[in-house]
Every structure is written in structure tokens, then in C-alpha cells.
Amino acid sequence: QVQLVESGGGLVQPGGSLRLSCLATGRNFRSLALAWFRQGPAKEREFVAAITRAGYGTYYSDSVTGRFIISRDDATRTVHLDLNNLKPEDTAVYICAASEAIDASMLRTTPESLLSWGQGTQVTVSS
């Protein structure tokens, strides 16, 4: 089982930026496909971004394409999500997910029970 711990959330004004980080332990980090999801107030959990093993490919939801960037650092066992040009509708708990068995291209539709999850970090976009 992999353990995931997110950090970096906070309060930011519209148009601002944040960098989220997720530290993964308990498994060979290089074997993990990684993703970020989010869950806003009174909303269902939704896919945000994913990155392949070795970081050669990335995937984004339409709502964040061009504003968010996912990256990974295998040396520090960390996946990052850079949030730029933030909007109030980006307000949510951002949650890191991982899988050793599932390809990153499939993470957006994988049943939640098949992934490992972190506890999440709150991002609030407000003036």
C-alpha cells in the first residue's frame, strides 16, 4: 500500500498561483502512475490531472488545461501540481491518487476503490 501526503494548499486571490505537492511512500515511486483530483463544496470528486510513470505523458481535464501543470520528481518521491490563473470555481480539496497497476491515461475513470488516496489539501480562491 502506498501512503500519500499532500501539502501546499491555502487561500489565494483570483488570478493567483499555488504549488501543491504530494509525497508518496511505501512503494517504488517510479512504478506509480499519479494523479490529482479535487472535490469542491457540495460537488462530486473530479479528475484534474495525471502523469505517467517516468513522466513522459500528462493528461488534464478541460477545465484546467493551460492553467495547471502536473510534474513529478522521482528523486524526492513527490508529484507537484502548479495551479496558475486561479478562479473561484477552482476552490476545492485537492487530493493525490496513485496506482501501480493502472496506466495514467485511465486514472480519470478508474473506480475510486482501485486507487490509493491522500487526505487532501484545501485550496480556496477568493478576494
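Residues numbered from 1 in each chain as written. Predicted model: local features only at pLDDT ≥ 70, side-chain atom pairs only at ≥ 80, totals over all residues. Heavy atoms only, no water.

A. Focus on the overall build of the chain. Counting its regular elements, the chain contains 0 helices and 11 strands. Each helix and strand of the chain, ordered N terminal to C terminal, gives the series β-β-β-β-β-β-β-β-β-β-β. Computed over C-alpha atoms, the radius of gyration of the chain comes to 13 Å, within 12% of the 14 Å expected from 2.2 N^0.38 for 127 residues, which places it in the range of a compact globule. In terms of overall dimensions, the chain has C-alpha extents of about 40 × 30 × 25 Å along its principal axes. Burial analysis of the chain (127 residues in total) assigns 48% to the buried set. Put simply, of all contacts in the chain between residues at least 6 apart along the chain, 61% involve residues at least 24 apart. (Helix = DSSP H or I, 4+ residues; strand = E, 2+ residues; numbered from the N terminus. Rg over C-alpha atoms; globule rule 2.2 N^0.38 Å. Buried < 20%, exposed > 50% of the residue type's maximum accessible area, 1.4 Å probe, protein only. Contact = heavy atoms within 4.5 Å.)

B. View of the sheet that holds strand E3 (residues 18-25). Read across the sheet, 4 strands follow the order E1-E3-E8-E7 without closing on themselves; strand pairing throughout is antiparallel. One side of each edge strand has no neighbouring strand; the edge strands of this open sheet are strand E1 (3-7) and strand E7 (68-73). Direction aside, the axes of adjacent strands within the sheet are offset by 15° on average. As paired strands, E3 and strand E8 (residues 78-83) are joined by 6 bridges and run antiparallel to one another. Considered in E8, the bridge of Cys22 is made with Val79. (Pairing = 2+ DSSP bridges. Axes fitted to C-alpha atoms, helices over the stretch in contact; angles between N-to-C directions.)

Function cannot be read off these values alone, since they describe shape.
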